[in-house]
Each structure stands twice: as structure tokens, then as C-alpha cells.
Amino acid sequence: MITAFVLTSSVILLTPGPTNTVLAAAGATFGLPRARLLPLAEAAGYALAISFFVAFAALVKDLWWALPALKIVAACWLAYAAARLWAMSPDMTGAARRGAVARVFLTTLVNPKAMIVGTMMIPQGSPDDTALRIAVFILLSSIAGLGWVALGAALPGGVRRRSYKGAAVVLGGFSLYALSSALA
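Here is a short report on the structure shown in this document. Every value quoted in this text rests on a predicted model; they were computed, and no experiment measured them.

## Some points on the nonpolar core
Here's step 1: Counting 24 residues, the largest nonpolar core has Leu 23, Leu 38, Leu 85, Val 104 and Leu 171 as the members making the most contacts within it.
Here's step 2: Listed by contribution, the elements that provide at least two residues to this core are helix 2 (18–30), helix 4 (38–59), helix 5 (66–87), helix 6 (94–109), helix 8 (127–153) and helix 10 (163–183).
Here's step 3: One finds Ile 50, Phe 53, Val 117 and Leu 140 within the second-largest nonpolar core, a separate group that totals 20 residues.

## Overview of helix 2
Residues spaced three or four apart along an α-helix face the same direction, because each turn holds 3.6 residues.
Here's step 1: Taking 1.5 Å per residue as the helical rise, helix 2 with its 13 residues ought to reach 18 Å, and the 18 Å between its terminal C-alpha atoms agrees with that figure.
Here's step 2: Taken residue by residue, helix 2 has Pro 18, Thr 19, Asn 20, Thr 21, Val 22, Leu 23, Ala 24, Ala 25, Ala 26, Gly 27, Ala 28 and Phe 30 as its buried positions.
Here's step 3: Gly 31 sits one or two residues past helix 2 and shows a positive phi near 85°.

## A word on the packing of helix 2 against helix 4
Here's step 1: Contact geometry of helix 2 with helix 4 gives a least axis separation of 10 Å together with a crossing angle of 165°. One element, helix 2, and the other, helix 4, form an angle in the roughly antiparallel class. Regarding helix 2 and helix 4, the two cross each other, and that crossing is right-handed. Residues Thr 19, Asn 20, Leu 23 and Ala 26 of helix 2 form the contact with helix 4, whose own contacting residues are Leu 38, Pro 39, Glu 42 and Tyr 46.
Here's step 2: The residue makeup of the contact of helix 2 with helix 4, split by class, is five nonpolar, two polar and one charged.

## A closer look at the packing of helix 2 against helix 8
Here's step 1: Viewed as axis vectors pointing N to C, helix 2 and helix 8 meet at an angle of 45°, and their least axial separation amounts to 6 Å. What the angle tells us is that helix 2 and helix 8 run oblique. Seen along the crossing, helix 2 lies across helix 8 with a hand that is right-handed. Of the residues in helix 8, those touching helix 2 at Asn 20, Leu 23, Ala 24, Gly 27 and Ala 28 are Gly 145, Trp 148, Val 149, Gly 152 and Ala 153.
Here's step 2: For the contact of helix 2 with helix 8, the residue count by class is six nonpolar, four polar and no charged.

How each quantity is defined
- Residues numbered from 1 in each chain as written.
- Predicted model: local features only at pLDDT ≥ 70, side-chain atom pairs only at ≥ 80, totals over all residues.
- Heavy atoms only, no water.
- Core = buried A, V, L, I, M, F, W, Y, C linked by side-chain atoms within 4.5 Å.
- Buried < 20%, exposed > 50% of the residue type's maximum accessible area, 1.4 Å probe, protein only.
- Helix = DSSP H or I, 4+ residues; strand = E, 2+ residues; numbered from the N terminus.
- Expected span 1.5 Å × (residues − 1).
- Axes fitted to C-alpha atoms, helices over the stretch in contact; angles between N-to-C directions.
- Parallel < 35°, antiparallel > 145°, perpendicular 65-115°, else oblique.
- Left-handed = near helix turned anticlockwise from the far one by under 90°.
- Contact = heavy atoms within 4.5 Å.
- Nonpolar A, V, L, I, M, F, W, Y, C, P; charged D, E, K, R; others polar.

As C-alpha cells, this is what we get:
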């Protein structure tokens, strides 16, 4: 049973999404040495978000509007993050690098992948099984996150200078998708 969880989690984490987009853009902008710790912000965001969604799913299983409302919140954050990324200068300062940690953490908190994992992939079961699955997902997210940072750092120079513009467009698309799925 855990093997299926590991394989499914790996596919989810390797699929492009909001957090992966931000990680790749940070890798492209800052390079691997400066962005290599950003997957820890991702792991912290997933730990908090998935734990929340596991508990939330148990509490609101009979409220039809609860998950769509969370999707709308996520859509708003992604739209805001997209606008902020679009406005960023390719010449990053130390403050912008520190802001990347918060951006990765907050984007992961509202990442639809955390909602999927916490509400569908982790069954309501024993606390030990739940904790194990969350820990496995966090470990896998750190490994995949480092891969996304490395991918961004490996992009050609001209593409790297525009990485935040590209990431802003992708996040805007994810925002629209989250909003449309919440309203459907």
C-alpha cells in the first residue's frame, strides 16, 4: 500500500505545478547554490498544508462548499503571486532572495497538490500511518523540489533572465484553473 502512495506521490511532485514553477524560476534566477535550500520551504509548506487538509477533510466531509471555498482562496493567492512575480526585476537583491523562501512556502500552502494529498491520498486511519505518509511525501517533495531548482538553474542564460515572467504566466494559469474548478 505504501508503494502505491510513493509512486503516486512521485508522479504528483514531478508534475509541473505552482510550487515547482516558483522553484524552477528561483533556480534560474539565483542558481543552484543560492536556491538549493528552497525545497526546505516547500517541505515545511507541505507538512503544514497536508496536516491541515487531513484534519479539515474529517471535519467538513458533509459541507459541500468547504473545498470549493479553499480553492477560491488558493486561486486568489496564485493570482497575487503571479502579479508579484511579473513585477520582479531580473536583478535580484538579497531581500528578493529572502522573499523567495516565503513565496515558496506560501505557494505550497495553497498548492492544490496538498489538498489532493490531504483529502484523497491519505485515508482516515491510524495516526501512525497518517504521520508516515506525510513524512514520506515531505521527503519526496524535498528531492523533487531540488530537481526543479536544478532544472531552472540549467536553463540557458536568456531564458533564465525572464524566468519570473514565465513563472508569472504559469501561476496566472493555475489561478484561473483553481478558480474555474471551484466554481464548477
